[in-house]
Structures are given as C-alpha cells and as structure tokens.
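# Notes for the structure review
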Amino acid sequence: MKKITWRSPSNIALVKYWGKRGVQIPQNPSLSFTLETSFSEMEVNFEVQEGFRLDFYFEGEANEKFKNKIALFLKSIEADYPFLKNIYLQIYSKNSFPHSAGIASSASSMSALALCICSIAEELGEKVAEETFFRKASFLARLASGSACRSVYGGAVAWGSTPALASSSDEYAIPLPFEMHPFFQAYRDTILIVSASEKSVSSRAGHALMNNHPFAKVRYEQANANLVRLVEILKNGDVESFISIVENEALTLHGLMMNSEPSFILMHPNTLKIIALIRDFRKQTAIPVCFTLDAGPNIHLLYPEKEIVAVQKWISEELVNFCENGYCIHDRIGTGAMLIR
Ligand code: PMV
C-alpha cells in the first residue's frame, strides 16, 4: 500500500464563526490564529481496488464511531473525487493533545483528512499548483467541519467573504494576504483547561441555535464589522483595540448561547474567575494579555512572545489553580499543516 501522512494543527478563532447556511456556508466571516503544538497527525495507507473499504484507528485502536463519520463524509464527496469509489483506505489518526483535554479536535483532524485526500488525488494523477492544492484542501476541510478550513494555512487565516479581503470566499479560507504587524507575529496562546469533559452542545446543534435567534441579524453585522476592524489592527499593531475585539467576540459567542432557545451556559465558575484574574493582571502590569473562548469552558490566554517569562510565571503560580488537575497547554501561532509522507 502507498502511504500519505499530514500533520495539521488546531486553530483559535478571534472573530467567531457561529451560524451557517446551506452546505457549511458561514453566516459571517471569521478570522483565526493557527496553532502549533496542538495538532492531529493522520496517516493514510491506500490501495486502488474494486469497491470502497475503510479501516479507521484512533490513537492505535479501531474506532467505529469516527470510521462511520468519515465514511459518510467521503461518500458525500465521491462525485468530485471518483477514485473514492474504488479504494481501500487504512487510516491511523492521533492527536498531540490528550483526547480528554476538552479541546475540539475536529479542526485539526478534518483538515488533516482533507489534505490526505488531496495528496492521494495527486498521487493518482491529479497534479495541481501548490496554491490550488491548499485551496482545494481548505474547500474540502470546510465540507467536513467548517472551521477546519482555516487550519490548512499558518499564521492568521480568514474564512468567509468580506470587503476587507478581496480574495476572501465563503467556500474556503485564505491566509491573510499581508504581513502582520511584528507585534502579532510571535503570539502565544496558553490553553487553560478548566474542564476536560466533553462539550454539552455539539457544534452542529450550536450553529443551529442561530437559525431562530432573535439577535442573529445584528450578530452577523457585528462580526462583519469586527473582522474589518481586526484586519486593520493586525496591520497597524493597535493592541488595545485587538484586546477589545477579541474579548468582545468570545463573550458575544457565549452570550448568544446563553440567550438561545434552548439556552446553554458553557462557562464554568472557574472560567469567570480566570477572566477576572486576566483583567486584573492586565490592569496591574500593563502587559497586554487577553482571553478568548471556544464553545466550551476552557480559556485561550493570548499574549505577545516578549512577555512570556512574566506571563508563564503568573500562569503557573495563579491561573493553574483554577484548571482541572492544574492542566494547561502552552501553544503559539504556527506555520500551518505539514506533509510528513
Ligand atoms: O467548525 P465548527 O462547526 O466546529 O464550529 C466552530 C465554532 C467556534 O469554534 C465556536 C468558532 C470558530 O470560528 O472556530
């Protein structure tokens, strides 16, 4: 059998994608930082044969649930990738972070899968330019799991049509087409694991909450405006405005969930304690730390690389006391997905 392996990172959204229509088309554009140390690695062994067959192993063990999900996804893209009708795929997937860390792995794993499918297409004769290859992978990753489309690129990545970025699209992500201000180029993200339990609302159900949400229209307008402003900020290095938008986006996401029907409160008491400590620390030290949140209780603490010593000392002395088993993951902005072979 032939073998392809891709390592693809997770990403953290600064402007959030929350609400979709049609086939994974976002209701508003989003922008994320790609991470480095939180990644999935997917090895796909493949052999052309009569009919389709899939074996799937997660962290070394056969996993029927993931296998069925992936089989369904591959079936759905068969018209565009006809080689999938006659192939045996043996997939080994693993994450750099523990499965039970409460970190969503769909962005990293589904982007890795999309990249593997595009590499197999290439091995079977579909040669394309590098730019086209990544665009196709991002398109495919979006179909598998929306935010995964941002993970194929490194640095800051935007997904969704916006007047701020001429080449942006609802169908795939693009790396920001300019150099970020040096202040943001070496940014850190320490993920504070407040709870490692599974999320109480799936992202599919979460997005669906926006369909009848009374604030949907203003939310989409706000996200569009925040994205336009954030693009400018990433160029000009205005860190105060960066903090204000990033925290506003995180709290808006949770606010939308709290006043959805049904309603979800995904923050834990310790999430709020840490948020208060972050705002205090920022005031006391003038170090520009800020937070963002996924659709869960864990905190992503963002700070510039040059403040690493003071910030990580504070994390280990104070913040970890509010984390489950004192657990946190020191991550940073990364360079994007990598072909391992
Ligand atoms: O890609 P999904 O369907 O798992 O949705 C991701 C939703 C958020 O993580 C809350 C926001 C985002 O843009 O990543």
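Here is a short report on the structure shown in this document. (Residues numbered from 1 in each chain as written. Predicted model: local features only at pLDDT ≥ 70, side-chain atom pairs only at ≥ 80, totals over all residues. Heavy atoms only, no water.)

### Considerations on the site of the ligand
By nearness alone, 13 residues border the ligand, and Tyr17, Ser147, Arg150, Ser203 and His207 come closest of all. Ser147 places a side-chain nitrogen or oxygen 2.7 Å from an oxygen atom of the ligand. Here Arg150 contributes a side-chain N or O atom positioned 2.8 Å from an oxygen atom of the ligand. (Near = heavy atom within 4 Å. Polar contact = N/O pair within 3.5 Å; in protein donor to acceptor, adjacent residues only side chain to side chain.)

### Details of the environment of Val239
Relative to the helices and strands, Val239 is located in helix H7 (residues 239–258). Taking the C-alpha atoms as reference, Val239 lies 34 Å from Trp6; in sequence the two are 233 residues apart. (Helix = DSSP H or I, 4+ residues; strand = E, 2+ residues; numbered from the N terminus.)

### Let's talk about the sheet that holds strand E12 (residues 299–304)
Taken in spatial order, the four strands make up an open sheet running E11-E12-E10-E13, and their pairing is antiparallel. One side of each edge strand has no neighbouring strand; the edge strands of this open sheet are strand E11 (290–293) and strand E13 (328–332). In this sheet, neighbouring strand axes are inclined to one another by 25° on average, regardless of whether the strands run parallel or antiparallel. Where strand E10 (residues 187–192) lies against E12, six bridges are found, and the strand directions are antiparallel. Within E12, the residue paired with Arg188 across the bridge is Tyr303. (Pairing = 2+ DSSP bridges. Axes fitted to C-alpha atoms, helices over the stretch in contact; angles between N-to-C directions.)

### A word on the packing of helix H2 (residues 106–123) against helix H3 (residues 130–144)
Contact pair H2 / H3: the axes reach a minimum separation of 8 Å and the direction vectors enclose 130°. Comparing the axis directions of H2 and H3 gives the class oblique. In the crossing of H2 with H3, the sense of the turn from one axis to the other is right-handed. Between H2 and H3, the residues in contact are Met110, Ser111, Ala114, Leu115, Ile117, Cys118, Ser119 and Glu122 and Phe133, Phe134, Lys136, Ala137, Leu140, Ala141 and Ala144, respectively. (Parallel < 35°, antiparallel > 145°, perpendicular 65-115°, else oblique. Left-handed = near helix turned anticlockwise from the far one by under 90°. Contact = heavy atoms within 4.5 Å.)

### With respect to H7
Given a rise of 1.5 Å per residue, 20 residues ought to cover 28 Å, and the 28 Å separating the end C-alpha atoms of H7 matches this to within 8%. Among the 20 residues of H7, 14 are classified as buried, and the element is accordingly described as predominantly covered. Where H7 begins, one side-chain oxygen reaches toward the backbone nitrogen of Glu240, 3.3 Å away; that side chain belongs to Asp238. (Expected span 1.5 Å × (residues − 1). Buried < 20%, exposed > 50% of the residue type's maximum accessible area, 1.4 Å probe, protein only.)

### Considerations on the pattern of salt bridges
Applying the stated criterion across every chain, the model contains 15 salt bridges. For Lys136, the salt bridge goes to Glu126, with nearest N and O atoms at 2.8 Å. Taken together, the residues span a long stretch of sequence, with Lys136 in helix H3 and Glu126 in the loop between H2 and H3 at a distance of ten residues. We classify Glu126 as partly exposed; its relative accessible area is 31%. We note a salt bridge from Arg188 to Glu305, for which the minimum N-O separation is 3.1 Å. With Arg188 in strand E10 and Glu305 in the loop between E12 and helix H9 (308–317), this residue pair connects regions lying 117 residues apart in the sequence. What makes Arg188 buried here is its relative accessible area of 11%. A residue is classified by how much of its surface remains accessible, and Glu305, at 27% relative accessible area, is partly exposed. (Salt bridge = Lys/Arg side-chain N within 4 Å of Asp/Glu carboxyl O.)

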